[in-house]
Amino acid sequence: MRQITRRHLGAISLAVATALAVPAMADETPPRIVVAGGDLTEIVFALGAGDRVVGVDQTSNFPAAALEIEQIGYVRRISPEGVLSLSPDLLLAAHDAGPDVAMEQLAAAGVTIAKAPETPRAGDIADKIRFVGDAIGKSAEAEALAAQFAENLTTVQEKVAQLNEAPRVLFVLSIQGGSPLIGGAGTSADEMIALAGGVNAGAEIEGYKPMSREAILATRPDVVLMMSQHAERVGGPDKILSRPEIALTPAGQNGRAITMEGMLLLGFGPRTPDAVAELARALHPETAEAAGL
């Protein structure tokens with residue numbers, strides 16, 4: 001598989017462990033781009049290359065123009081046929097894009113694949129922006145966008161630092177098998193809660209895992225946080241708050257639930273400073289305005 005890193009192109013097969021590095025052309029500008037990853041789509045458009053995008057995955061819902069572009073499936077269930085039908089010069093893919101067999105088929109068909117680095121922390125987003133800029137021939141624009149992003153994130157963090165309270169927040173990713181799937185330590189949800197001045201009530205677990213009724217009651221969250229799309233699937237935030245494992249917690253007793261659009265909340269793209277500010281306002285309704293949020 002030919003893969004673009006920040007400063008070079010490599011030919012890397014997903015099926016074997018050998019690799020052959022090939023220098024990239026500094027002025028390379030792939031005219032037809034397929035993107036698998038909503039955060040990457042946002043970056044491409046922010047860099048002014050949205051007119052070159054001919055295909056996107058289902059997580060690419062921002063900006064609105066992305067909704068009018070041909071779909072290639074979910075980021076982890078890419079359709080090789082769908083990608084190939086678009087005759088792309090470049091597949092810009094999230095770090096977890098797949099499945100592997102689909103990526104192997106695309107590489108075998110001669111598609112150049114640029115797989116973005118994983119960005120578990122908001123501070124890593126600037127590097128992801130630069131990666132995308134290098135991959136699509138927009139390095140100068142990416143450097144400017146990365147600098148603006150870092151400035152915006154710093155500004156928001158300075159405001160959040162003025163908040164004195166730190167509510168306990170339980171992030172519910174979804175309901176699976178009747179049990180809430182909770183965002184624990186090391187997750188994007190954990191990072192966002194901290195950035196917005198909260199404490200992750202589910203931090204005793206790692207990653208996204210089911211949590212028992214007793215364990216959830218013991219976390220005593222002040223607020224339940226969900227992605228709006230998943231909250232709607234289970235009947236809305238009130239339905240979540242009325243569940244037995246949540247109803248007796250401070251969040252359930254006070255009716256405190258926050259929902260945010262999924263890609264905005266957890267996408268870790270250029271809008272992340274806006275997402276932090278929005279979450280901070282929701283978590284700190286009485287003091288956010290005084291802090292400039």
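Note that the coordinates shown come from a computational prediction; the quantities given were computed from them, not determined experimentally. The residue numbering used here restarts from 1 in each chain and proceeds along that chain's sequence as written. Per-residue local features of the predicted model are confined to residues with pLDDT of at least 70, and side-chain atom pairs are confined, for both listing and counting, to 80 or more; whole-chain, interface and lining totals are unaffected and use all residues. Hydrogens and water are ignored here; the side-chain numbers use all heavy atoms of the structure.

J.: How do you make sense of the overall build of the protein chain when you look at a structure like this?
T.: In terms of regular secondary structure, the protein chain is built from 13 helices and 13 strands. Here the C-alpha atoms of the protein chain give a radius of gyration of 20 Å, agreeing with the 19 Å that 2.2 N^0.38 yields for 293 residues. In terms of overall dimensions, the protein chain has C-alpha extents of about 60 × 40 × 35 Å along its principal axes. Whether a residue is buried, partly exposed or exposed follows from its accessible area with a 1.4 Å probe, protein chains only, as a fraction of its type maximum: under 20%, in between, or over 50%, in that order. The buried share among the 293 residues of the protein chain stands at 52%. Residue contacts follow a heavy-atom distance rule, with two residues in contact if any of their heavy atoms lie within 4.5 Å. Taking the intrachain contacts of the protein chain between residues at least 6 apart in sequence as the baseline, contacts between residues at least 24 apart amount to 58%. For accessible areas, the Shrake-Rupley method is used with a probe of radius 1.4 Å. Any residue's cover is judged against the shown protein chains and nothing else. Here the protein chain displays about 13000 Å² of accessible surface, and carbon together with sulfur accounts for 51% of that area. The charge count includes Lys and Arg as positive and Asp and Glu as negative, but it does not include His or the ends of the chains. Think of each charge as sitting on NZ of Lys, CZ of Arg, CG of Asp or CD of Glu. Of the charged side chains in the protein chain, 23 are positive and 36 negative; the average position of the first set lies 3 Å away from that of the second. Each helix is a run of H or I in the DSSP string that is no shorter than four residues. Each strand is a run of E no shorter than two, and both are numbered from the N terminus. The atom set for the radius of gyration is the C-alpha atoms, and the globule formula is 2.2 Å times the number of residues raised to the power 0.38.

J.: Hey, could you run me through the pairing of strand E12 (residues 223-227) in this one?
T.: The two faces of a sheet get side chains in turn, since along a regular strand they alternate between them. Judged by how many residues are buried, E12 sits mostly within the fold: 5 of 5 residues are covered. Neither face of E12 is exposed, since Val223, Leu225 and Met227 on one face and Val224 and Met226 on the opposite face are all buried. Pairing between strand E8 (residues 168-176) and E12: 3 bridges, direction parallel. Opposite Leu170, over in E12, you have Val224 as the bridge partner. In this description, strands pair whenever DSSP reports at least two bridges between them. Taken together, the 4 bridges between E12 and strand E13 (residues 257-260) define a ladder with parallel strand orientation. Paired with Leu225 across the two strands is Ile258, which belongs to E13.

J.: Explain the pairing of strand E4 (residues 33-36) here, please?
T.: Burial along E4 is two-sided: Ile33 and Val35 facing one way and Val34 and Ala36 facing the other are all buried. Sheet topology places E4 next to strand E5 (residues 53-56); 3 bridges connect them, and they run parallel. For Val34, the partnering residue across the bridge sits in E5 and is Gly55. Here the term right-handed applies to a crossover when the path leading from its first strand over the helix to its second strand runs clockwise, the strands being oriented away from the viewer. Chirality of the crossover, the property in question, places the unit of E4, helix H1 (residues 38-46) and E5 among those that are right-handed. Alignment of E4 against strand E6 (residues 90-93), held across 4 bridges, turns out to be parallel. When the bridges of E6 are listed, Val34 appears paired with Leu91.

J.: Would you mind showing me how to read the side chain of Ser174 here?
T.: Mapped onto the fold, Ser174 is located in strand E8. Here Ser174 falls in the buried class, since its relative accessible area comes to 13%. Setting aside residues up to four positions removed in sequence, Ser174 forms contacts with Ser179, Pro180, Leu181 and His230.

J.: It is not clear to me how the pattern of salt bridges should be interpreted in this structure. Could you clarify?
T.: Pairs can form between side chains of opposite charge whenever their charged atoms are close. Every case where a carboxyl oxygen of Asp or Glu lies within 4 Å of a side-chain nitrogen of Lys or Arg is listed as a salt bridge. Within the structure shown, the criterion is met by 8 salt bridges. Among the ionic pairs, Glu143 bridges to Arg130, the shortest N-O distance being 3.1 Å. You can see Glu143 sitting in helix H5 (residues 139-160) and its partner Arg130 sitting in helix H4 (residues 125-136), a full 13 residues away along the chain. The partly exposed category is assigned to Glu143, whose relative accessible area is 38%. As a salt-bridge pair, Arg243 and Glu245 come within 3.1 Å of each other at their nearest N and O atoms.

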